[in-house]
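Structural description and commentary
Spelled out from the first residue to the last, the chains are:
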Amino acid sequence: MYIYGASGHGRVIIDIIDSFEKIHGVFDDNPHIKEILGYPVIGEIPENYQFKSDLFIAIGDNETRMRISRKLKSKVRFANIIHDSAIFSKRAVLGEGCVVMEGAIVKVNCVLGNQVIINTGASVDHDCIIGDYVHIAPQATLCGGITIGEGSLIGANAIVLPGVKVGAWCTIGAGSIVHQDVPDGFKWVGNKLQPPLLPVSQ
Ligand SMILES: CC(=O)SCCNC(=O)CCNC(=O)[C@H](O)C(C)(C)COP(=O)(O)OP(=O)(O)OC[C@H]1O[C@@H](n2cnc3c(N)ncnc32)[C@H](O)[C@@H]1OP(=O)(O)O
């Protein structure tokens, strides 16, 4: 497998896979990063690079992961990674380029899109629909029947109550309790929707 991203999330991904998976190469656009966990970092992906195996985009930022996956999707197949200690229902569906980390749970009838991160110990209960490029951060809990729109971040230890719909590109603060639907692009912190930023007056 190839890895794209040699920062914190890249270290986490390499640490999960390199005891059973050969790392063919690690890419990162930052020319100052030369090495990660003992693996040399190649730099940017060269034009017309011929991949010998699947790629995993190990970048935590949802918008960046979307941009890179769109750029590369015609050139390479994206790997999925499910840690041995995760519980992933045989009746749940996963897109491509996703990771389900240590101790995470994804239950019956869940549908996960592409490039989704289910981080350490997060719990996604029955019948949830998770859009592309979503990150469910460590220990977050999604109760049953929840919808999370594309690109949203559900912060660490947040709880989303049953049936709630979180829109696209929302941010849910760490430790929040989300008890109402959240419109596209909004932020929710604690137990409240945050007012949108007002445009700066001319
Ligand atoms: C392995 C990993 O690390 S995965 C990473 C997962 N990432 C996360 O879980 C982070 C989620 N992000 C957060 O919780 C952020 O703090 C956000 C998005 C809620 C707020 O970020 P910002 O908009 O930059 O807000 P900022 O940091 O300026 O804080 C604004 C106010 O909200 C408060 N605040 C910030 N985060 C929270 C929170 N989670 N809960 C309650 N209050 C908060 C701040 O104390 C501050 O209060 P004040 O105005 O009274 O001083």
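Just so you know, these numbers come straight off a predicted model, no measurement behind them.

The positions UniProt marks with the feature "domain: PglD N-terminal" (unreviewed entry) are residues 2-72. From the first C-alpha to the last, residues 2-72 spans 13 Å; its make-up is 30% helix and 23% strand.

What follows deals with the packing of aromatic side chains. To describe a pair of aromatic rings, you give the distance between the ring centres and the angle between the ring planes. By the definition in use, this model includes six aromatic pairs. Taking 5.9 Å as the distance between ring centres and 90° as the angle between the ring planes, the aromatic pair formed by Tyr2 and Tyr49 counts as edge-to-face. Separated by 47 residues along the polypeptide, Tyr2 in strand E1 (residues 2-4) and Tyr49 in the loop between strand E4 (39-43) and strand E5 (55-57) bring together distant segments of the chain. When its relative accessible area of 26% is taken as the criterion, Tyr49 is described as partly exposed. What links up through ring pairs into an aromatic cluster is the set Tyr2, Phe27, Tyr49 and Phe51.

In this sheet, E4 lies alongside strand E2 (residues 25-27) in parallel orientation, the contact comprising two bridges. Bridge assignment links Val26 to a residue of E4, and that residue is Val41. Sheet analysis places strand E3 (residues 35-36) next to E4, joined by two bridges and oriented antiparallel. Bridging from a neighbouring strand, Glu35 pairs with Pro40 of E4. Here E3 folds back onto E4, and the loop between the two strands holds two residues, one of which, Leu37, carries a positive phi near 45°.

Conventions we followed
- Residues numbered from 1 in each chain as written.
- Predicted model: local features only at pLDDT ≥ 70, side-chain atom pairs only at ≥ 80, totals over all residues.
- Heavy atoms only, no water.
- UniProt positions renumbered as here; feature names shortened; annotations may be inferred.
- Helix = DSSP H or I, 4+ residues; strand = E, 2+ residues; numbered from the N terminus.
- Phe/Tyr/Trp six-rings, centres within 6.5 Å; stacked < 30°, edge-to-face > 60°.
- Buried < 20%, exposed > 50% of the residue type's maximum accessible area, 1.4 Å probe, protein only.
- Pairing = 2+ DSSP bridges.

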